[in-house]
Amino acid sequence: MARTITVGLDGSAESRAAAEWAAREAALRQVPVRLLHVWQPVPEPLAQAPLLGAETHQHWTERIPRDAAEGLRLRHPGVEVITEQRAGAPAEVLLEASRDAELLVLGSRALSGLTGFLIGSVGQSVVARAEVPVVLVRAGEQAADEHVKDPAGIPSAATGFRPVVLGLDIDNPDDTVITFAFEEARSREAVLTVVTGWNLPPYYVYSLAAGVNPREEMIREQAAALTEALLPWREKYPDVEVTEQSRLGSPANHLVDAAHEASLVVVGRRVRRNPFGVHIGAVAHAVMHHATTPVAVVAHD
C-alpha cells in the first residue's frame, strides 16, 4: 500500500478529532489518510441481535468508518480518504497497520480539571512499540487551535501556524527526532522552538560551600551546547526560523508549558527491544499526558 497517514478510529470524540488532524496533516504532506476501524469479533448470535432498533453489530461497525470518511471528504476535498476494517486486538492491529504508514494518529481523552489527558492502555501500548511516529490528539482539538489568533484576537484557521516545539536531549540528540520536527515546522511555515531542560550537577552544592557559585556559567554553557547542536540543522533548513530555550529544571515541565502556545509538540522515545516489557520514557510519558496540544512521539535507536 502507498504511504499513508493512518488513524485509529473507534467512533469516539477523541478519535474523530484525531481523524480531522490527520486529514489536515495529509493535506500538508499530500498523502492519503486511512481510517482504520478495529473491531473484536463477537459470537454470531450476538452479532446479529438487534442493538439499536434494526441495527446489528455488523451494521454499526461498518457505519463508523463510512460516516467518518464522508465527513472528511466534505471538509477536506483535496485529501484522499481510505477506509479499512480489521478484526483483532486493537493494539496489535494498529501496530501491524503502522508498518506501511508515514504516521499513526490516535486520540486521547481529557481528564477533569487541569490534571491532563488519558492515554488508554491501547494507546500506551502502541506508542511504546510503534516504529513510526505516533501523534496523540485530544478530544475537541480544532484547526483554529493550531493557529495564532487573528488581529481581533479571535481564533482562526486562516492565520499562520503556532510554533512547533521540539524537546531535545542535547546529551543524546537524535537525527530522526530532529528531522521530524524540522520537517513539520517547514511544512507549516512555522517557527521551530527547541526546548531543553537540565538540572544542576551534584557537585554544585560543594561549589557553594567553597564560596563559588558556578550557576551563571552553567547556564551559558548549556545554552552554548544547544546552539552548537542545532547549527548543522539551521544550515540544512535555512527556511525554518528556530528559537532556542535552554532552561534549568524539568524538561517535561518546560515542554508542557511551551505546549500552550504550540501547534505540535515533538518528543523522542528510545527504542528498547526488551522481552520483559515496553518503555516510553519519563519525559515523553509526562508530555503525552499533560500537553494541551497534539503530541508526536518519534521512536529512535
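Provided above is the structure to which this section pertains.
These numbers come from a predicted model, not from an experiment. (Residues numbered from 1 in each chain as written. Predicted model: local features only at pLDDT ≥ 70, side-chain atom pairs only at ≥ 80, totals over all residues. Heavy atoms only, no water.)

1. Thoughts on the overall build of the protein chain
Line of reasoning, step 1. When helices and strands are tallied, the protein chain shows ten helices and eleven strands.
Line of reasoning, step 2. For the protein chain, buried positions account for 46% of its 301 residues.
Line of reasoning, step 3. Expressed as a percentage of contacts within the protein chain between residues at least 6 apart in sequence, the contacts between residues at least 24 apart total 75%. (Helix = DSSP H or I, 4+ residues; strand = E, 2+ residues; numbered from the N terminus. Buried < 20%, exposed > 50% of the residue type's maximum accessible area, 1.4 Å probe, protein only. Contact = heavy atoms within 4.5 Å.)

2. Describing the pattern of salt bridges
Line of reasoning, step 1. All chains considered together, the criterion is met by 16 salt bridges.
Line of reasoning, step 2. The closest approach of N and O atoms between Arg162 and Glu261, which form a salt bridge, is 4.0 Å. Separated by 99 residues along the polypeptide, Arg162 in the loop between strand S6 (134-138) and strand S7 (164-167) and Glu261 in the loop between helix H9 (251-259) and strand S10 (264-270) bring together distant segments of the chain.
Line of reasoning, step 3. The class for Arg162 is buried, based on a relative accessible area of 16%.
Line of reasoning, step 4. For Glu261, a relative accessible area of 53% corresponds to the exposed category.
Line of reasoning, step 5. By sharing partners, the salt bridges in this structure join Glu25, Arg29, Glu102, Glu184 and Arg188 into a single network. (Salt bridge = Lys/Arg side-chain N within 4 Å of Asp/Glu carboxyl O.)

3. A word on the packing of helix H4 (residues 90-98) against helix H5 (residues 121-129)
Line of reasoning, step 1. Viewed as axis vectors pointing N to C, H4 and H5 meet at an angle of 35°, and their least axial separation amounts to 9 Å. With respect to the hand of their crossing, H4 and H5 are arranged in right-handed fashion. The residues of H5 that touch H4, namely those facing Pro90, Ala91, Glu92, Leu94 and Leu95, are Val122, Ser125, Val126 and Arg129.
Line of reasoning, step 2. Each residue belonging to the contact of H4 with H5 can be placed in one class, and the counts come to six nonpolar, one polar and two charged. (Axes fitted to C-alpha atoms, helices over the stretch in contact; angles between N-to-C directions. Left-handed = near helix turned anticlockwise from the far one by under 90°. Nonpolar A, V, L, I, M, F, W, Y, C, P; charged D, E, K, R; others polar.)

4. A short note on the side chain of Arg188
Line of reasoning, step 1. The topology assignment puts Arg188 in helix H6 (residues 175-188).
Line of reasoning, step 2. On the accessibility criterion, Arg188 (5% relative accessible area) is buried.
Line of reasoning, step 3. In this structure the side chain of Arg188 is engaged in a polar contact, spanning 2.5 Å, whose partner is the side chain of Glu184. (Polar contact = N/O pair within 3.5 Å; in protein donor to acceptor, adjacent residues only side chain to side chain.)

5. Some thoughts on the packing of aromatic side chains
Line of reasoning, step 1. For the structure on display, the rule yields two aromatic pairs.
Line of reasoning, step 2. Judged by centre distance (4.9 Å) and plane angle (25°), the rings of Phe182 and Tyr237 are stacked. In this pair, Phe182 is assigned in helix H6 and Tyr237 in the loop between helix H8 (215-236) and strand S9 (242-248), connecting sequence segments 55 residues apart.
Line of reasoning, step 3. Overall, the relative accessible area of 2% leaves Tyr237 in the buried class.
Line of reasoning, step 4. Among the aromatic residues, those joined into a cluster by ring pairs are Phe182, Trp233 and Tyr237.
Line of reasoning, step 5. The ring of Phe161 has Arg188 lying over it, and the distance from NZ or CZ to the ring centre is 5.5 Å. (Phe/Tyr/Trp six-rings, centres within 6.5 Å; stacked < 30°, edge-to-face > 60°. Lys NZ or Arg CZ within 6 Å of the ring centre and 35° of its normal.)

6. Observations regarding the pairing of strand S8 (residues 192-198)
Line of reasoning, step 1. A large share of S8 lies buried, amounting to seven of its seven residues.
Line of reasoning, step 2. Of the two faces of S8, the one carrying Leu192, Val194, Thr196 and Trp198 and the one carrying Thr193, Val195 and Gly197 are both buried.
Line of reasoning, step 3. Strand direction decides the pairing type here: S7 and S8, joined by four bridges, are parallel. The partner of Val165 across the bridge, within S8, is Thr193.
Line of reasoning, step 4. Tracing the backbone out of S7, into H6 and back to the parallel element S8 gives a crossover that is right-handed.
Line of reasoning, step 5. Judged from the seven bridges that link them, S8 and S9 form a sheet pairing that is parallel. Each residue of the ladder has a partner; that of Trp198, found in S9, is Leu248. (Pairing = 2+ DSSP bridges. Right-handed = clockwise from strand over helix to strand, strands pointing away.)

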